[in-house]
Structure formats: structure tokens, C-alpha cells
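Residues per chain are reported as follows:
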Amino acid sequence: GTYTFTTPCAAVATVEEDFEAYTEGLPDCWAKLGAGTVTVQTSQPNSGSKSLRFSGTTGTNIVALPALESYAGLYLTFSTKPESNSYTNCGSFAVGYVTGDASTFQALATYNYNDTDFDGDVYAIMSIDVSSVPANALLAFNHMSEASYYYWFVDDVNVAAAPTCLRPTDVT
């Protein structure tokens, strides 16, 4: 017969993920922690045809990214949005890290469903300096929904060297 198996994941220098190569589950070397559900799906992508969708009713609906060789000089950039910026039940979404199970989650930044970044129910590009993350930690996303079946979306995740210039803002 045919056997399917995976080998342990080695730490990587960078992460670049748009979720296009997956039809279910999570990308290789990503880990689900805590309650709630997280799936790759074709609903409301930022680019391409797929995004990562979080749903659940807990403060520990966490997805951890692959281990990185070092966090020195790195930034996490990603596109994100709540299902709707008018649905209170979409709750909030945090970016941070874990050093073990879901109870070890430490937030670096938190976004609320009604933040002005999400006006018009569009994706916002977020960029966070992760150089202070402990060496033994994994970067992680955490959706804190207020009710079942209210979603938060993530797409176009990139962990790489800090940009050499600032991203333009307030461009008209």
C-alpha cells in the first residue's frame, strides 16, 4: 500500500504564504492551538483565490507559524480583515507568539472588528517588528470571536527582513 507521512519541520529563515497551494487544513509546519477552527478556503481572499479563515468562540483560537531560525531584524507583514466591520461578534484579532500551548500566547498587537483600518470591509496590510520575539517562540495569530460563525481572515503572510524604507501612508 501507499503510506503518507511528514517529517519534523526544520526552522526556516523566512515565511511567505498566500495559501494558494492548500485545499484544506493548514500549510505544512503551521500548527493549530486552542479551540475554534481555522481553515484554508476560497471565501474572501485578499489576493489569489484563497485565504485563512478563523472562526470560534474562544480567546485561544490560535495558529502558530513555522519556527524561524532567528527573529533578529524581521518583520511580520500580512493582510487581514474581520468578516464585517459592523459585526460586533467578529471580536478582535491579535498577533503575537507562543512558547508552548495556547495558554502561553503573548500579544504584540491587537485589532478590533471596528478599527478604521477595516472601513468598507476591506483587507488592511499590517506590519509588525518581531525582532523582540524570544528565540524559542513561534509567531502566532489569535482570533477572539464573540460568537460562533463570525470570522476573521488572513492572507499574504510574509516574515522577512525589515523594509529598507517606510511604506507610504495616506496616499490620495
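Rules used in this analysis
Residues numbered from 1 in each chain as written. Predicted model: local features only at pLDDT ≥ 70, side-chain atom pairs only at ≥ 80, totals over all residues. Heavy atoms only, no water. Helix = DSSP H or I, 4+ residues; strand = E, 2+ residues; numbered from the N terminus. Buried < 20%, exposed > 50% of the residue type's maximum accessible area, 1.4 Å probe, protein only. Polar contact = N/O pair within 3.5 Å; in protein donor to acceptor, adjacent residues only side chain to side chain. Contact = heavy atoms within 4.5 Å. Phe/Tyr/Trp six-rings, centres within 6.5 Å; stacked < 30°, edge-to-face > 60°. Lys NZ or Arg CZ within 6 Å of the ring centre and 35° of its normal. Pairing = 2+ DSSP bridges. Disulfide = S-S within 2.5 Å. Axes fitted to C-alpha atoms, helices over the stretch in contact; angles between N-to-C directions.

*Asks:* How would you summarise unusual backbone geometry if you had to cite specific residues and measurements?
*Replies:* For Cys-29, which is not a glycine, the phi torsion comes out positive at approximately 75°. Within the element layout of this structure, Cys-29 appears in the loop between strand 1 (15–17) and strand 2 (31–33). The exposure class of Cys-29 is partly exposed, given its relative accessible area of 34%. Notably, Gln-44 is not glycine yet its phi reads approximately 55°, a positive angle. Residue position: Gln-44 is located in the loop between strand 3 (37–41) and strand 4 (51–55). With a relative accessible area of 31%, Gln-44 lands in the partly exposed category.

*Asks:* Explain the side chain of Asn-142 to me, using residue names and the numbers behind them.
*Replies:* Within the secondary structure, Asn-142 is located in strand 10 (residues 138–144). Using a relative accessible area of 2% as the deciding quantity, one classes Asn-142 as buried. Only 3.2 Å separates the side chain of Asn-142 from the backbone nitrogen of Asn-61, close enough to count as a polar contact. For Asn-142, the contacting residues outside a window of four places in its chain are Gly-59, Thr-60, Asn-61, Ile-62, Ser-92, Phe-93, Ala-94 and Phe-105.

*Asks:* Which residues make up the packing of aromatic side chains, and what values go with them?
*Replies:* Enumeration over the complete set of coordinates arrives at nine aromatic pairs. Measuring from centroid to centroid gives 5.8 Å for Tyr-87 and Tyr-150, while their planes differ by 90°, and the two rings are edge-to-face. Pair noted here: Tyr-87 is in the loop between strand 6 (74–82) and strand 7 (92–98) and Tyr-150 is in the loop between strand 10 and strand 11 (151–161), with a separation of 63 residues, a long-range link. Through a chain of ring-to-ring contacts, three or more aromatic side chains come together here, namely Phe-54, Phe-78, Phe-93, Tyr-111, Phe-118, Phe-141 and Trp-152. Geometry around Tyr-151 places Arg-53 over its ring, the cationic atom sitting 3.9 Å from the centre.

*Asks:* Tell me about the pairing of strand 4, and name the residues and values.
*Replies:* Of all five residues making up strand 4, five are buried, and the element is well covered by its neighbours. As judged from the five bridges shared by strand 3 and strand 4, these two strands associate in the antiparallel manner. Paired with Val-38 across the two strands is Phe-54, which belongs to strand 4. Sheet topology places strand 4 next to strand 11; four bridges connect them, and they run antiparallel. Looking at strand 11, one finds that Arg-53 is bridged to Phe-153.

*Asks:* Help me get a handle on the state of the cysteines, residues and values and all.
*Replies:* By definition, a disulfide links the sulfur atoms of two cysteine residues through a covalent bond. Counted according to the given criterion, the structure contains one disulfide. Two residues, Cys-9 and Cys-29, share a disulfide whose sulfurs are 1.9 Å apart. Taking the torsion about the sulfur-sulfur bond, which here is approximately -85°, the covalent link between Cys-9 and Cys-29 counts as left-handed. Of this pair, Cys-9 sits in the segment before strand 1 while Cys-29 sits in the loop between strand 1 and strand 2, and the two are 20 residues apart along the sequence.

*Asks:* Explain the sheet that holds strand 7 to me, using residue names and the numbers behind them.
*Replies:* With respect to topology, five strands assemble into an open sheet ordered 2-5-10-7-8, the strand pairing being antiparallel. Edge positions in the sheet fall to strand 2 and strand 8 (106–112), since each of these pairs with one other strand and no more. If you compare each strand with its neighbour and ignore which way they point, the axes differ by 20° on average. Of the pairings in the sheet, the one linking strand 2 to strand 5 (residues 61–64) comprises three bridges and is antiparallel in character. For Lys-32, the partnering residue across the bridge sits in strand 5 and is Val-63.

Shape descriptors only; they carry no functional weight alone.
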